[in-house]
Structures are given as structure tokens and as C-alpha cells.
Amino acid sequence: MSENVPLAAEYVLRLLEGEELLDARRRLAGDPAFADEVAFWEDRFAPLFDEIADEPPSPELWARIVARLDLTDPTVVTLRRQVNRWKGATMAAAAAAAVLLVVAVRPTPPVQQPKPTVAAPAPLLVAALGKEGLAEGLTVAYRSDRRELAVTASKLTVPAGRARELWVIPAGGTPISLGLLSDGSARRPLAPELAAVFKSGATIAVSDEPGGGSPTGQPTGEVLAATGLILI
Amino acid sequence: MLAEALERVARGDRDALRTVVDRTSAKLMGVCLRILKDRDEAEDALQEVYVSVWMRAASFDASRASPITWLATVARNRAIDRFRARSVRAAPAPIEEAHGLADERADGFEQVAEKQESARIHHCLSTIDGPAREMIRAAFFEGLSYPQLAARAAVPLGTMKSWIRRGLQRLRTCLEE
């Protein structure tokens, strides 16, 4: 139908916004003839892509893609290693070689169905820590819109009689315990006072403690891994 | 070969995703950079594109589209989503500048189109009015919407829509021949 023609082409070109865009998306979902017209235009405009010069991406591209995929995958693979000095007056000792990798991920929107212009998605803070001797994978994610903390650990190494305790340290503040780590995924809502600590500049760390956790409420053992949180 | 790799991606094969990345990342980076004009943002967008590909590979239908077209479309859409989500945007480049960029020829490993398909769209674009043609190209290559095109050309929104819709109808007629 000729009335499909401009709308389908406009949809493919991304000319549409607001109500017109919503209308086109509804049609795409419910009208096969419209969907065919959209496919027609995608195919016909496609040769224009060849006018765009290729650009070599960063050599880190694959590693970063893997890091993003691993954040939602319980069988996390250990990521890059960096030497880092742990600066924390209350920590017993700096970790000799802690894995520090901060990955910021925005929830991925649906593909092929352009969204109307909306406010940016909910801020997400993420830290990924994995280290030989600690865990194959450990990720901590905090969603400020839900005030929810998600911790996923795989293949934790915990010597008999010891524990692995997770901490959040506000910038310039003292560590607050988030509890003991165990394999698997756990989510918990945070009380407002604790939630307020989760922002850019805060640090997530894991320490070695006696079984049952620190007896003092502050870290007593070696820092096994530490990383900063970045708000996106 | 890409279609086969995407099929394996749909079954959760990460090596297959790597194959797709290796073969197409230069092309898709070009697309992201063209729309976003900022390398760091384009790199972020590119990662998001392949995460999308990972999650949506099962929805790719090889009988309806070519793999590289699908991938380039995913990249263009993701770049435009990010472009439109920016709260502060640089002023759109004047049309003369856009011409310069558009005339670059890709030197890519993975071309989208056969020469005759390419000739067809270029021929048909040449049969429509100059302004409509330039606006359609600006929409494609820069991700500009109707309101943005109208602002750039300093014409009412309704005028821009009429120009482009007439152009698209004529384009359609030509493409059917």
C-alpha cells in the first residue's frame, strides 16, 4: 500500500519521533505488509553503508565485550590483572596484586525497535573482582533506582576456618561490612543510609577473615581485592 | 559465512561472536563514529552493539536480510539512540561538511552491497529533488530526525516532512523499476 511507503522509509531512516514513531512501531508489530515494506527499505538503503569508511576499533574491544557479557553470566572468567596499591588506613595490608577492573554497563535497550527519546536509564554501579586464590569471578552491582545490591561469585576459594568478607568503603570513610561471600548470586535491598554510600568514589573490597567474619566489625585480615565504583 | 556464525551466536557460541566481531568491527565502528563523531562514545556504542547481537542473534532471519545489513542496521540504530540521549549536543554540522564525509569510499573487508545494488540506490537518489536527496542522506548518515532537519534547514516541520515524503515516494517508484 502506498500509504505504508513514506512511514516505513521514515522508520528505517529514523526520521520519526514521538507519536509517529510509536505508531510505526505498533504497525511493525501488527502489520506484516508494513514489516515487509520496512525490510524492503532496509535492504535498499543498505548500500549507502558502503560509503562510510571503515575505522579500526580499539584493540581492547573484544576484552570489553567479554567483560560486559560476563557481568550477567554467573560463570565469570577472570579478567585483566593490574598491580594496585591499596590505600586504606584501616586495612591490615595492601594486596600485593589485586585485580582491579571497573566496568560500567548501561542496561542494553532492545534492538531494531528504536526507542522514543527518554531520560537516561537508571544509574548502575558495577565492580568486577576476580583473582587467583580468591574467586574465579566476583561481581558487585548496585542499582540506585531500586536501592538493590547484587553480588555474584563463582568458585570462591575459602580455606577451612576462614571467611571472605565484602566491604564498601565510602571515599575517605571507614569500611562497612556487606556480609560474607558465598558462591552463587544474591540480591538484597539496602537501607537508605547504606545505599547512600554507593556512589562514585566509594570502594568495594574483599578481606580475609576468621570463619564467621570479622570479630571487630572492621577488616582484620589481608585485603584480597579492591576496586573503585564509578557511577554512570 | 556470517549468517552461519550468527546462527552459532544464537546458540550461545562465544567463539562465533568473536568471529563476527573480527569480521565486522571496522565497518560497524565506522558507522558508530560517523553518527556519534566521538571516538570514546563510538567505542562504547560498538561494545553495546555486539552485546545486542549476542542477545538478539536468534531474531536474525537470514531469509529476510543479509547479515552485514542487519549488523550495520543494529549499529546505526544503537548509535542514533545514544546520539539522541545526549543531553548536550554539538550543533549539527552544516551541509557542506556533511558532503565531505559522505563522499569517502569505504575500503572495507566486508562490503554491504554488490555494485549493481549500489548503483541502483545512487541512481534513484539522483532522480529526486536536490534538497530532498540531501535531507534523506543527512538522515541516513547523521541520524537526524525530522525536527532536527527542519531546524537545520530553517523551514517549518510540515514543509520538511512534505519534501521528504514526496522524495521517498519518487524513490520508491524508481526502486521498483
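Refer to the structure above for everything that follows.
Here the structure is a predicted model, which is why all the values come from computation and not from measurement.

Student: Which residues make up the overall build of chain A, and what values do they have?
Tutor: Looking only at helices and strands, chain A has five helices and eight strands in total. Across chain A, helices and strands are ordered from the amino to the carboxyl terminus as α-α-α-α-β-β-β-β-β-β-α-β-β. By sequence separation, contacts in chain A at least 24 residues apart represent 60% of the contacts at least 6 residues apart. Summed over all atoms, the accessible surface of chain A reaches about 10,400 Å², with 55% contributed by carbon and sulfur.

Student: Give me the sheet that holds strand β8 (residues 223-228) of chain A: which residues, what numbers.
Tutor: Residue and element names in this part refer to chain A. Across the sheet, four strands lie side by side as β5-β4-β7-β8; this open sheet has antiparallel pairing. At either margin of the open sheet sits one strand with a lone partner, and together these are β5 (176-180) and β8. On average, each strand axis in the sheet is inclined to that of its neighbour by 25°, with strand direction left out of account. In this structure, strand β4 (residues 162-169) lies alongside strand β7 (residues 203-210), joined through eight bridges in antiparallel fashion. Looking across to β7, one finds that E165 is bridged to S207.

Student: Before we move on, could you go through the state of the cysteines and cite the residues and values that matter?
Tutor: Such a bond, covalent and formed between the sulfur atoms of two cysteines, is termed a disulfide. Residue and element names in this part refer to chain B. Inspection of the entire model under this criterion finds one disulfide over all chains. Paired through a disulfide, C124 and C174 show a sulfur-sulfur distance of 2.0 Å. The disulfide joining C124 to C174 has a torsion of about -75° about its S-S bond and is therefore left-handed. With C124 in helix α6 (residues 115-126) and C174 in helix α9 (residues 157-176), this residue pair connects regions lying 50 residues apart in the sequence. With respect to burial, C124 and C174 carry one shared label: buried.

Student: Describe the packing of helix α1 (residues 2-10) of chain B against helix α2 (residues 14-36) of chain B, with residues and values.
Tutor: Residues and elements named next belong to chain B. Across the interface, α1 lies against α2 with an axial gap of 8 Å and an inter-helix angle of 140°. Relative to α2, the element α1 lies oblique. Crossing of α1 against α2: the hand is left-handed. Facing L2, A5, L6, R8 and V9 of α1, the residues of α2 in contact are A16, L17, T19, V20, R23 and T24. Its residues assigned to classes, the contact of α1 with α2 shows seven nonpolar, two polar and two charged.

Conventions we followed
Residues numbered from 1 in each chain as written. Chains lettered and ligands numbered in written order. Predicted model: local features only at pLDDT ≥ 70, side-chain atom pairs only at ≥ 80, totals over all residues. Heavy atoms only, no water. Helix = DSSP H or I, 4+ residues; strand = E, 2+ residues; numbered from the N terminus. Contact = heavy atoms within 4.5 Å. Areas by Shrake-Rupley, 256 points an atom, 1.4 Å probe, with all protein chains shown as cover. Pairing = 2+ DSSP bridges. Axes fitted to C-alpha atoms, helices over the stretch in contact; angles between N-to-C directions. Disulfide = S-S within 2.5 Å. Buried < 20%, exposed > 50% of the residue type's maximum accessible area, 1.4 Å probe, protein only. Parallel < 35°, antiparallel > 145°, perpendicular 65-115°, else oblique. Left-handed = near helix turned anticlockwise from the far one by under 90°. Nonpolar A, V, L, I, M, F, W, Y, C, P; charged D, E, K, R; others polar.

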